Amino acid sequence: MIEYLGFDPKVLFLVAGDIVLLLLSAMMSSSEVAYFSLTPAELRRIKRGGSVSTESAIKLLDNPDMLLATILVVNNLVNIGTVVLSTQILNSMFDFGSLSFVVHTVIVTFLLLLCGEVLPKVFAQGSTLRVALWFSQPLTILRWLVYPLSITLVKTSNIVSERLAQKSGEISIEDLA
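Residues numbered from 1 in each chain as written. Predicted model: local features only at pLDDT ≥ 70, side-chain atom pairs only at ≥ 80, totals over all residues. Heavy atoms only, no water.

### Side note on the packing of aromatic side chains
Within the structure shown, the criterion is met by four aromatic pairs. An angle of 55 degrees between the planes, with centres 5.6 Å apart, marks the rings of Tyr4 and Phe94 as tilted. Of this pair, Tyr4 sits in strand 1 (residues 3-4) while Phe94 sits in strand 2 (residues 94-95), and the two are 90 residues apart along the sequence. According to the relative accessible area criterion, Phe94 is partly exposed, its value standing at 28%. Members of the aromatic cluster, joined through ring pairs, are Tyr4, Phe94 and Phe96. (Phe/Tyr/Trp six-rings, centres within 6.5 Å; stacked < 30°, edge-to-face > 60°. Helix = DSSP H or I, 4+ residues; strand = E, 2+ residues; numbered from the N terminus. Buried < 20%, exposed > 50% of the residue type's maximum accessible area, 1.4 Å probe, protein only.)

Right, here's the structure in full:
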(Lines give C-alpha, C1' and ligand atoms only; values in the text may rest on other atoms or scores of the structure.)
Protein backbone atom coordinates (compact mmCIF):
# COMPACT_ATOMS: atom_id res chain seq x y z
CA MET A 1 0.00 0.00 0.00
CA ILE A 2 1.30 3.45 -0.93
CA GLU A 3 1.24 6.04 1.82
CA TYR A 4 1.62 9.78 1.20
CA LEU A 5 3.96 11.22 3.83
CA GLY A 6 3.29 14.88 3.10
CA PHE A 7 5.32 17.60 1.46
CA ASP A 8 8.35 19.19 3.05
CA PRO A 9 9.39 22.47 1.35
CA LYS A 10 13.03 21.30 1.59
CA VAL A 11 12.13 18.81 -1.14
CA LEU A 12 11.99 21.72 -3.59
CA PHE A 13 15.79 22.00 -3.36
CA LEU A 14 16.13 18.31 -4.17
CA VAL A 15 13.71 18.68 -7.09
CA ALA A 16 15.67 21.69 -8.38
CA GLY A 17 18.91 19.71 -8.12
CA ASP A 18 17.31 16.76 -9.89
CA ILE A 19 16.12 19.00 -12.73
CA VAL A 20 19.63 20.43 -13.13
CA LEU A 21 21.07 16.91 -13.25
CA LEU A 22 18.47 15.78 -15.81
CA LEU A 23 19.35 18.80 -17.95
CA LEU A 24 23.05 17.90 -17.72
CA SER A 25 22.22 14.34 -18.73
CA ALA A 26 20.24 15.69 -21.67
CA MET A 27 23.17 17.89 -22.62
CA MET A 28 25.56 14.94 -22.60
CA SER A 29 23.25 12.68 -24.61
CA SER A 30 22.49 15.32 -27.22
CA SER A 31 26.19 16.23 -27.46
CA GLU A 32 27.11 12.62 -28.08
CA VAL A 33 24.71 12.39 -31.01
CA ALA A 34 25.60 15.83 -32.31
CA TYR A 35 29.38 15.44 -32.32
CA PHE A 36 29.43 11.92 -33.70
CA SER A 37 26.82 12.64 -36.39
CA LEU A 38 28.34 15.75 -37.94
CA THR A 39 28.44 15.58 -41.71
CA PRO A 40 31.61 16.45 -43.66
CA ALA A 41 29.94 19.74 -44.71
CA GLU A 42 29.19 20.60 -41.07
CA LEU A 43 32.76 19.77 -40.08
CA ARG A 44 34.05 22.12 -42.79
CA ARG A 45 31.71 24.83 -41.51
CA ILE A 46 33.07 24.43 -37.99
CA LYS A 47 36.66 24.60 -39.23
CA ARG A 48 35.89 27.79 -41.20
CA GLY A 49 34.26 29.44 -38.20
CA GLY A 50 36.06 31.94 -36.06
CA SER A 51 33.97 32.06 -32.95
CA VAL A 52 34.86 30.80 -29.49
CA SER A 53 32.29 28.01 -29.94
CA THR A 54 33.80 26.79 -33.19
CA GLU A 55 37.32 26.91 -31.72
CA SER A 56 36.13 24.86 -28.72
CA ALA A 57 34.38 22.39 -31.03
CA ILE A 58 37.54 21.99 -33.12
CA LYS A 59 39.60 21.21 -30.01
CA LEU A 60 37.00 18.68 -28.83
CA LEU A 61 36.88 17.00 -32.25
CA ASP A 62 40.68 16.80 -32.43
CA ASN A 63 40.52 13.99 -29.86
CA PRO A 64 37.26 12.05 -30.36
CA ASP A 65 38.24 9.35 -27.85
CA MET A 66 38.67 11.95 -25.13
CA LEU A 67 35.44 13.67 -26.17
CA LEU A 68 33.47 10.43 -25.94
CA ALA A 69 35.12 9.51 -22.62
CA THR A 70 34.23 12.93 -21.20
CA ILE A 71 30.63 12.61 -22.31
CA LEU A 72 30.34 9.09 -20.86
CA VAL A 73 32.02 9.92 -17.55
CA VAL A 74 29.95 13.06 -16.98
CA ASN A 75 26.73 11.35 -18.01
CA ASN A 76 27.34 8.44 -15.65
CA LEU A 77 28.20 10.72 -12.73
CA VAL A 78 25.13 12.84 -13.43
CA ASN A 79 22.89 9.78 -13.69
CA ILE A 80 24.18 8.48 -10.35
CA GLY A 81 23.35 11.85 -8.81
CA THR A 82 19.89 11.75 -10.40
CA VAL A 83 19.20 8.34 -8.91
CA VAL A 84 20.32 9.48 -5.45
CA LEU A 85 18.26 12.69 -5.49
CA SER A 86 15.19 11.04 -7.01
CA THR A 87 15.28 8.33 -4.37
CA GLN A 88 15.49 10.96 -1.61
CA ILE A 89 12.57 12.87 -3.12
CA LEU A 90 10.40 9.77 -3.38
CA ASN A 91 11.37 8.54 0.10
CA SER A 92 10.54 11.88 1.68
CA MET A 93 7.08 12.04 0.10
CA PHE A 94 5.88 8.44 -0.18
CA ASP A 95 6.16 5.09 1.52
CA PHE A 96 5.84 2.36 -1.06
CA GLY A 97 6.36 -0.39 1.48
CA SER A 98 7.92 -3.57 0.15
CA LEU A 99 7.59 -2.28 -3.43
CA SER A 100 9.84 0.69 -2.76
CA PHE A 101 12.85 -0.55 -4.72
CA VAL A 102 10.76 -1.58 -7.74
CA VAL A 103 8.77 1.67 -7.82
CA HIS A 104 11.90 3.81 -7.46
CA THR A 105 13.66 1.85 -10.19
CA VAL A 106 10.75 2.17 -12.63
CA ILE A 107 10.18 5.89 -12.00
CA VAL A 108 13.83 6.92 -12.10
CA THR A 109 14.62 4.73 -15.12
CA PHE A 110 11.68 6.22 -17.00
CA LEU A 111 12.78 9.78 -16.16
CA LEU A 112 16.39 9.13 -17.15
CA LEU A 113 15.49 7.39 -20.39
CA LEU A 114 12.93 9.94 -21.49
CA CYS A 115 14.51 13.20 -20.31
CA GLY A 116 18.17 12.23 -20.29
CA GLU A 117 18.43 9.98 -23.33
CA VAL A 118 15.59 9.66 -25.85
CA LEU A 119 14.27 13.23 -26.19
CA PRO A 120 17.72 14.88 -26.25
CA LYS A 121 19.01 12.43 -28.86
CA VAL A 122 15.95 12.91 -31.06
CA PHE A 123 16.40 16.69 -30.81
CA ALA A 124 20.13 16.50 -31.55
CA GLN A 125 19.61 14.38 -34.67
CA GLY A 126 17.82 17.25 -36.33
CA SER A 127 20.25 19.95 -35.14
CA THR A 128 23.70 18.40 -35.00
CA LEU A 129 25.69 21.51 -35.82
CA ARG A 130 23.67 23.79 -33.57
CA VAL A 131 23.88 21.38 -30.61
CA ALA A 132 27.61 20.78 -31.13
CA LEU A 133 28.28 24.52 -31.06
CA TRP A 134 25.89 25.24 -28.17
CA PHE A 135 27.62 22.75 -25.93
CA SER A 136 31.23 23.11 -27.11
CA GLN A 137 32.27 25.47 -24.32
CA PRO A 138 30.50 23.64 -21.47
CA LEU A 139 31.99 20.37 -22.75
CA THR A 140 35.45 21.94 -22.79
CA ILE A 141 35.05 22.90 -19.13
CA LEU A 142 33.66 19.47 -18.23
CA ARG A 143 36.53 17.80 -20.09
CA TRP A 144 38.94 19.70 -17.88
CA LEU A 145 36.98 18.82 -14.70
CA VAL A 146 36.81 15.06 -15.35
CA TYR A 147 40.14 14.77 -17.17
CA PRO A 148 41.68 12.25 -14.73
CA LEU A 149 38.72 9.89 -15.11
CA SER A 150 38.44 10.39 -18.88
CA ILE A 151 42.13 9.85 -19.61
CA THR A 152 42.08 6.69 -17.49
CA LEU A 153 39.11 5.42 -19.47
CA VAL A 154 40.78 6.22 -22.80
CA LYS A 155 44.10 4.61 -21.86
CA THR A 156 42.40 1.52 -20.47
CA SER A 157 40.26 1.08 -23.57
CA ASN A 158 43.34 1.57 -25.79
CA ILE A 159 45.18 -1.20 -23.92
CA VAL A 160 42.20 -3.54 -24.29
CA SER A 161 41.87 -2.68 -28.00
CA GLU A 162 45.57 -3.34 -28.61
CA ARG A 163 45.44 -6.68 -26.83
CA LEU A 164 42.34 -7.75 -28.74
CA ALA A 165 43.97 -6.71 -32.02
CA GLN A 166 47.06 -8.78 -31.16
CA LYS A 167 44.95 -11.82 -30.32
CA SER A 168 42.91 -11.57 -33.49
CA GLY A 169 46.13 -11.48 -35.52
CA GLU A 170 47.42 -14.74 -34.01
CA ILE A 171 46.00 -17.58 -36.10
CA SER A 172 47.38 -21.05 -35.50
CA ILE A 173 47.54 -23.95 -37.91
CA GLU A 174 44.82 -25.66 -35.88
CA ASP A 175 42.54 -22.64 -36.41
CA LEU A 176 43.00 -22.97 -40.18
CA ALA A 177 42.35 -26.74 -40.26
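On we go.
### Comments concerning helix 5 (residues 100-125)
An α-helical turn contains 3.6 residues, so any two residues separated by three or four positions project in the same direction. Here helix 5 is 26 residues long and its end C-alpha atoms lie 36 Å apart, about the 38 Å a rise of 1.5 Å per residue gives. Buried within helix 5 we find Ser100, Val103, His104, Val108, Leu112, Gly116, Glu117, Pro120 and Ala124. At its buried positions, helix 5 is contacted by helix 1 (11-35), helix 4 (64-93) and helix 6 (128-134). (Expected span 1.5 Å × (residues − 1). Contact = heavy atoms within 4.5 Å.)

### Some thoughts on the side chain of Glu117
Relative to the helices and strands, Glu117 is located in helix 5. Only 3.2 Å separates the side chain of Glu117 from the side chain of Ser29, close enough to count as a polar contact. (Polar contact = N/O pair within 3.5 Å; in protein donor to acceptor, adjacent residues only side chain to side chain.)

### Observations regarding the environment of Ser98
Mapped onto the elements, Ser98 comes out in the loop between strand 2 and helix 5. Residue classification places Ser98 among the exposed positions, given a relative accessible area of 77%. Spatially, the C-alpha atom of Ser98 lies 45 Å from that of Leu164, the residues being 66 residues apart in sequence.

### Notes on a nonpolar patch on the surface
Together, Phe110, Leu113, Leu114, Val118, Leu119 and Val122 make up a nonpolar patch on the protein surface, roughly 550 Å² of accessible area in all. Checked against the element boundaries, Leu119 lands in helix 5. (Patch = residues over 30% accessible without salt bridge, like charges linked within 9 Å, V, L, I, M, F, W, Y side chains within 5 Å. Areas by Shrake-Rupley, 256 points an atom, 1.4 Å probe, with all protein chains shown as cover. Salt bridge = Lys/Arg side-chain N within 4 Å of Asp/Glu carboxyl O.)

### Some remarks on the environment of Phe135
Among the structural elements, Phe135 can be located in the loop between helix 6 and helix 7 (136-145). Between the alpha carbons of Phe135 and Val11 there is a distance of 29 Å; along the sequence they are 124 residues apart. Those residues in contact with Phe135, other than ones at most four positions away along the chain, are Met27, Ser30, Ser31 and Tyr35.

### Re the packing of helix 1 against helix 4
The description of two helices packed together rests on the angle between their axes and the distance between the axes. It is at 8 Å that the axes of helix 1 and helix 4 come closest, and there the two elements cross at 155 degrees. Classified by the angle their axes make, helix 1 and helix 4 are roughly antiparallel. Crossing geometry of helix 1 relative to helix 4 is assigned as left-handed. Class assignment for the residues of the contact of helix 1 with helix 4 results in 16 nonpolar, eleven polar and two charged. (Axes fitted to C-alpha atoms, helices over the stretch in contact; angles between N-to-C directions. Parallel < 35°, antiparallel > 145°, perpendicular 65-115°, else oblique. Left-handed = near helix turned anticlockwise from the far one by under 90°. Nonpolar A, V, L, I, M, F, W, Y, C, P; charged D, E, K, R; others polar.)

That is the geometry; function is a separate question.
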